[in-house]
Structures are given as C-alpha cells and as structure tokens.
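Overview (structure and organization)
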Amino acid sequence: MIGIIMGSISDRKVMEQAAEVLNELGVAFEMEIVSAHRTPERMLEYAKTARQRGLKVIVAGAGGAAHLPGMVASLTTLPVIGVPILSSNSIDGWDSVLSILQMPGGVPVATVALNGAKNAGILAAQIIGSSDEKVAARLDAYKELLKEKVAAMNDELKADS
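Below is a short write-up of the structure. This is a predicted model, so every value here is computed, not measured.

Reading the values: rules and limits
Residues numbered from 1 in each chain as written. Predicted model: local features only at pLDDT ≥ 70, side-chain atom pairs only at ≥ 80, totals over all residues. Heavy atoms only, no water. Helix = DSSP H or I, 4+ residues; strand = E, 2+ residues; numbered from the N terminus. Rg over C-alpha atoms; globule rule 2.2 N^0.38 Å. Buried < 20%, exposed > 50% of the residue type's maximum accessible area, 1.4 Å probe, protein only. Right-handed = clockwise from strand over helix to strand, strands pointing away. Pairing = 2+ DSSP bridges. Contact = heavy atoms within 4.5 Å.

Time to look at the overall build of the protein chain. Counting its regular elements, the protein chain contains six helices and five strands. Walking the protein chain from its N terminus toward its C terminus, one meets helices and strands in the order β-α-β-α-β-α-β-α-β-α-α. On C-alpha atoms alone, the protein chain measures out to a radius of gyration of 17 Å, which is about the 15 Å that the 2.2 N^0.38 rule sets for 161 residues. The dimensions of the protein chain, computed from C-alpha atoms along their principal axes, are 55 × 40 × 30 Å.

Structure below.
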C-alpha cells in the first residue's frame, strides 16, 4: 500500500493525480492531510507507524516551505517521494522544489517535477512492482499504452500534413 499525504486540502487537486494513476494500476493507497507545521505530532505518528500499518512507499506533497516530505523521510526508512506544489504562498514553486530537493546526506527524498504527482504515483508503483509481479505486469501494460498513444499522435500528425 502507498501512503499519499499532503500538507493542506489546497494540495488535493495536484495529489489526486497520484491517486488516479494508482487506481489505474490497481495499487492500493490511502490519502490523508498531514501538516508538518500545523500538526507535527500527527506527522510524527504517521511516519513512525507507516511500515507497521502496511505502507511500502510514501508520496508526500507540499507547497511553500515544503517540509513535509523531508520531515517524514527523517522519521522512516520507507522510500519517500516528494511532490513540490505550486501553492498560493509559493515563490513560483522554486521554494517548494528546492525545499524537497536539497535534502542533507542520509535523508533522501526522491523528488518529481513541480506539481508532478502523476509521476510520483507511477514511481511509487514501480517501487512496489520491483517485488510484485502483478503490479509489474500492469506497469508494462501501462507503458505499452503510452507507446500506442504516441503512435496514434504520430499518425494524426502525418494525416494532417
């Protein structure tokens, strides 16, 4: 199971992209709001109990100062994927990107692009798929579908020329 967490309800629109792709791939997940700044005790409990609750990967989205992914990563040995979010209090998103990207040695956070929750969901599924053949097969089918979409776009381009 994947944990999808975000610092605020305002992050939901972006983080639902991870949920959508996990649904498409048939990978179980939970989704919760866990604020590093407003509910630090909840964040601590969430991260420290994640493994025993059955989580295998955590996808954490945050905007602005974006401390949630790094703080969660400091409290668990599970892989954490950070999603920087362009929020209303952000400086063009760069504050979020750099807050998640520039982690100190020993506390890694895999970081996707700004608002890149879809890729975070795919990466989380790929981590699960490294030891789950059923998920790996669904990922293979997903990648084939991507190829088919590009081929269809190419056909459309040629037809329009």
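If you check the backbone angles, Asp-92 has positive phi at about 55° while not being a glycine. The topology assignment puts Asp-92 in the loop between strand S4 (80-85) and helix H4 (94-101). The class for Asp-92 is exposed, based on a relative accessible area of 63%. Non-glycine residue Asn-115 carries a positive phi angle of around 60°. Residue placement: Asn-115 occurs in the loop between strand S5 (110-111) and helix H5 (117-129).

Turning to the pairing of strand S1 (residues 2-6), a few remarks are in order. Burial runs high along S1: five of the five residues are buried. Of the crossover connections in this fold, the one passing from S1 over helix H1 (residues 12-25) to the parallel strand S2 (residues 29-33) is right-handed. Pairing analysis gives five bridges linking S1 to strand S3 (residues 57-63), with the strands arranged parallel. Bridge pairing in S3 places Ile-2 opposite Val-57.

For H4, every residue scored as buried is listed here: Asp-95, Ser-96, Val-97 and Ile-100. Buried residues in H4 make contact with S3, helix H3 (68-75), S4 and S5.

What follows covers H3. Among the residues of H3, Leu-68, Pro-69, Gly-70, Val-72 and Ala-73 are the ones counted as buried. Looking at the buried residues of H3, the elements they touch are S1, helix H2 (40-49), S3, S4 and H4.

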